[in-house]
Amino acid sequence: MARTTVAVLFGGRSSEHSISSATAGGVLGAIDRDRFRVIPVGVTRAGAFVLEEDDPARFALDAARLPEVTDNGTRILWPVPDGDRELRVRRPDGSIESLGEVDVVLPILHGLHGEDGTIQGFLDILELPYAGGGILDSALCMDKHFMKVALQAEGLPVAPWATVRRTRWDSSPEDVRAEAAALGYPVFVKPARAGSSVGVSKARDAGELDAAMATALAEDDKVLIEAAIVGREIEVAILEGRDGGRPRASLPGEIVLTTREFYDFEGKYLGGDGADVVCPADLADDEIETIREIGRRAFEAVDGRGLARVDVFLTPDGGIVVNELNTMPGFTPISMYPKCWIASGMTYAELIAELIELGLARA
């Protein structure tokens, strides 16, 4: 049987470039080479599409040296719409080489210019099938403000928040400080359009708010101030349903904090102490089913495609508050999303194959 040709697209222009590159290392190492022929396409921080090395070790996640897509002088030449799907590469000497026809693209880009609907629109224009989220769900979930609006419209509970744009912070900081105080300290201050906890701070009082705003505004000109929710941090992995069926939900996992204030970048990716990823979470059967159903509903509320990780808080009184959806969640072998599906009986390689098959099925 002929192998399916997959262009694995990673790196990118966002602050999550290295995490995307590390995800590529995991995918390149685990993908079933008997079923799939892989073309690794890296996106440099400057936005150039280059032919990268098909070497998982080169993109291993190492706290001492985060992986990076480098500009090696090659340039990927994408196929034109309404033609064949031949992918070509221009070498540094100007020569052009065919890489063969692409069956499907697997974008494992995080953040802006990758997880926000832009690359999805680009691939739609090229008429190339791709795995993962579509334009609408990617754009909605990239912007935490509009994601909350969509979830609220579906009747799903979210944490109280205030959205602050840079111009308002610059012109009326006292009004913003009053809104934060009304939410009640501590609050979390987040860039509206960033992921992997980049730019996120916890402000315990008014004295810490200004520094938290500066950190968030360094990433985005729109910021969310959220009331802190007391509860267990539970995450459930969602896959698009097959043949028109409802979304599929994994067993939930839990982020268990010991000494860390919140699940920040270091705790997620650099092996920092004070945060453990536990899957499956220690939950009662009714809690598991309720969380899985809320995950499905949240995915449906944003017209989800492909996959998402739905993060919720389980409060001491048994309530569930949706924190956010990630349409391209952390996908390294140590990330929660794969771990939840592994705990649910699917291997990492099978999960990669299922995402690719879902992308092909939509085409």
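Residues numbered from 1 in each chain as written. Predicted model: local features only at pLDDT ≥ 70, side-chain atom pairs only at ≥ 80, totals over all residues. Heavy atoms only, no water.

(A) Molecular detail of the UniProt feature "active site" (unreviewed entry) in the chain. In this numbering, the UniProt entry assigns the feature "active site" (unreviewed entry) to E16, S196 and S335. Lining the largest cavity, from the residues just named, are E16. Inspection of the secondary structure assignment puts E16 in the loop between β1 (4-11) and α1 (17-30). For S335, the side chain forms a polar contact with the main-chain nitrogen of F331, separated by 3.5 Å. (UniProt positions renumbered as here; feature names shortened; annotations may be inferred. 1 Å grid on protein atoms, 1.4 Å probe; cavity = no way out; pocket = protein on both sides within 12 Å on 5 of 7 lines; lining within 4 Å. Helix = DSSP H or I, 4+ residues; strand = E, 2+ residues; numbered from the N terminus. Polar contact = N/O pair within 3.5 Å; in protein donor to acceptor, adjacent residues only side chain to side chain.)

(B) Fine view of the sheet that holds strand β5 (residues 86-90). Taken together, the three strands give an open sheet; going across it, the order is β4-β5-β6, and neighbouring strands pair in antiparallel fashion. Bordering the open sheet on either side are β4 (75-77) and β6 (96-101), each of which pairs with just one other strand. Averaged over all adjacent pairs, the angle separating strand axes in this sheet is 25°, with direction ignored. (Pairing = 2+ DSSP bridges. Axes fitted to C-alpha atoms, helices over the stretch in contact; angles between N-to-C directions.)

(C) Broad picture of the nonpolar core. In terms of nonpolar packing, the biggest core is built from 35 residues, with L106, I108, L239, F331, Y337, I352 and I356 touching the most fellow members. When residues of this core are traced back to their parent elements, those giving at least two are β1, α1, β2 (36-43), β7 (104-107), β12 (232-239), α10 (336-343) and α11 (348-362). It is α11 that provides the largest number of residues to this core, a total of seven residues. Ignoring any residue separated from it by four or fewer positions in sequence, one finds I352 in contact with V27, A30, I31, L106 and F331. L140, A150, L156 and F299 belong to the second-largest nonpolar core, a separate cluster that totals 27 residues. (Core = buried A, V, L, I, M, F, W, Y, C linked by side-chain atoms within 4.5 Å. Buried < 20%, exposed > 50% of the residue type's maximum accessible area, 1.4 Å probe, protein only. Contact = heavy atoms within 4.5 Å.)

(D) View of empty space enclosed by the protein. Inspection of every chain in the model, using the stated rule, returns two cavities of 30 Å³ or more. Lining the largest cavity we find twelve residues, and of these C141, K144, A194, L325 and N326 sit closest to its centre. When contributions to the lining of the largest cavity are tallied by element, the ones reaching two or more residues are α3 (135-142), α4 (144-153) and β17 (320-326). Sorting elements by how many residues they give to the lining of the largest cavity places β17 first, with three residues. Class assignment of the residues belonging to the lining of the largest cavity gives a composition of five nonpolar, three polar and four charged. (Points joined across faces, edges and corners; volume = space filled by probe spheres on them. Nonpolar A, V, L, I, M, F, W, Y, C, P; charged D, E, K, R; others polar.)

(E) Representation of the environment of I238 within the structure. With respect to the helices, strands and loops of the structure, I238 is situated in strand β12. For I238 and G306, which are 68 residues apart along the polypeptide, the C-alpha to C-alpha distance reads 8.4 Å. Apart from the residues lying within four places of it in its own chain, the contact partners of I238 are P247, R248, A249, G295, R296, F299, G306, L307, A308, V310, Y337 and W341.

(F) The sheet that holds strand β11 (residues 222-227), seen in detail. The sheet built from four strands is open, its strands ordered β8-β11-β9-β10 with antiparallel pairing. At either end of the open sheet lies a strand with only one pairing partner, and these are β8 (161-165) and β10 (201-203). On average, each strand axis in the sheet is inclined to that of its neighbour by 25°, with strand direction left out of account. Strand direction decides the pairing type here: β8 and β11, joined by five bridges, are antiparallel. Directly across from W161, in β11, lies its bridge partner E226. Packed onto the sheet, α4 meets β8, β9 (187-191) and β11 and runs at close to 50° relative to β11. Its contacts with the sheet put helix α6 (residues 173-183) on β8, β9 and β11, and the angle it makes with β11 is roughly 30°.

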